[in-house]
Amino acid sequence: MPRSNRPRHRRAAEPDDDALDLDRLRRGLKRVESKRSGQWNVQPVTAAGAVKSYVCPGCRGEVVPGVAHLVAWRADGLLGEQADLADRRHWHEHCWRIAP
């Protein structure tokens, strides 16, 4: 009987690169923005991804669950990347646009 060249074991499901890229697009891509106060990493959060309540540093109002908003943290901080990431804040999109 001839030998079969097909694999005998099923491989674990490997993530599909196209699906990952589409998911990243849905969530929004991180970008760096310049403001008078310096360089900032900005990550959009979709309404579906907003599951907790936060206080917007721009207006001191509440960013409620289910509302699309932005997360921002320093890109040029002096204390290092880990400290900058720990100090990130959730902003209303409008408040971020008008912030200095």
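Predicted model, so just to flag it, every value in this text is computed and none were measured. (Residues numbered from 1 in each chain as written. Predicted model: local features only at pLDDT ≥ 70, side-chain atom pairs only at ≥ 80, totals over all residues. Heavy atoms only, no water.)

Chemist: Help me understand the overall build of the protein chain, please; the structure alone is not making it clear to me.
Modeler: Each helix and strand in the protein chain was counted, giving 3 helices and 6 strands. Each helix and strand of the protein chain, placed in order from N terminus to C terminus, yields the pattern α-β-β-β-β-β-α-β-α. Relative to its full complement of 100 residues, the protein chain shows a buried share of 22%. When contacts within the protein chain are restricted to residue pairs at least 6 apart in sequence, long-range pairs at least 24 apart make up 48% of them. Surface accessibility of the protein chain: about 8,100 Å² in total, with carbon and sulfur atoms responsible for 53%. (Helix = DSSP H or I, 4+ residues; strand = E, 2+ residues; numbered from the N terminus. Buried < 20%, exposed > 50% of the residue type's maximum accessible area, 1.4 Å probe, protein only. Contact = heavy atoms within 4.5 Å. Areas by Shrake-Rupley, 256 points an atom, 1.4 Å probe, with all protein chains shown as cover.)

Chemist: What's the story with the environment of Arg 74 in this structure? I'm lost.
Modeler: Along the chain, Arg 74 turns up in strand 5 (residues 69-74). Taking C-alpha positions, Arg 74 is 8.9 Å from Val 42, a pair spaced 32 residues apart along the chain. If sequence neighbours within four positions are ignored, Arg 74 has contacts with Ser 37, Gly 38, Gln 39, Trp 40, Asn 41 and Asp 84. At a separation of 3.0 Å, a polar atom in the side chain of Arg 74 contacts the main-chain carbonyl oxygen of Ser 37. In terms of polar contacts, Arg 74 uses its side chain to reach the side chain of Asp 76, at 2.8 Å. (Polar contact = N/O pair within 3.5 Å; in protein donor to acceptor, adjacent residues only side chain to side chain.)

Chemist: I would appreciate a short explanation of the packing of aromatic side chains in the present structure.
Modeler: Aromatic ring pairs: the centre-centre distance and the angle between the two ring planes describe each pair. Going through the model one piece at a time under the given rule, you end up with 2 aromatic pairs. With a centroid separation of 5.8 Å and an interplanar angle of 80°, the aromatic rings of Trp 40 and Trp 96 are classed as edge-to-face. One end of the pair, Trp 40, is in strand 2 (residues 38-45); the other, Trp 96, is in helix 3 (residues 93-98), with 56 residues separating them in the sequence. Here Trp 40 matches Trp 96 in class, with each residue buried. Seen in terms of ring centroids, Trp 91 and Trp 96 are 5.1 Å apart; in terms of plane orientation they differ by 75°. Their pairing is edge-to-face. A relative accessible area of 3% means that Trp 96 is categorised as buried. Through a chain of ring-to-ring contacts, the aromatic side chains of Trp 40, Trp 91 and Trp 96 assemble into a single cluster. Its guanidinium or amino end placed over the ring of Trp 96, Lys 35 lies 4.7 Å from that ring's centre, counting from NZ or CZ. (Phe/Tyr/Trp six-rings, centres within 6.5 Å; stacked < 30°, edge-to-face > 60°. Lys NZ or Arg CZ within 6 Å of the ring centre and 35° of its normal.)

Function cannot be read off these values alone, since they describe shape.
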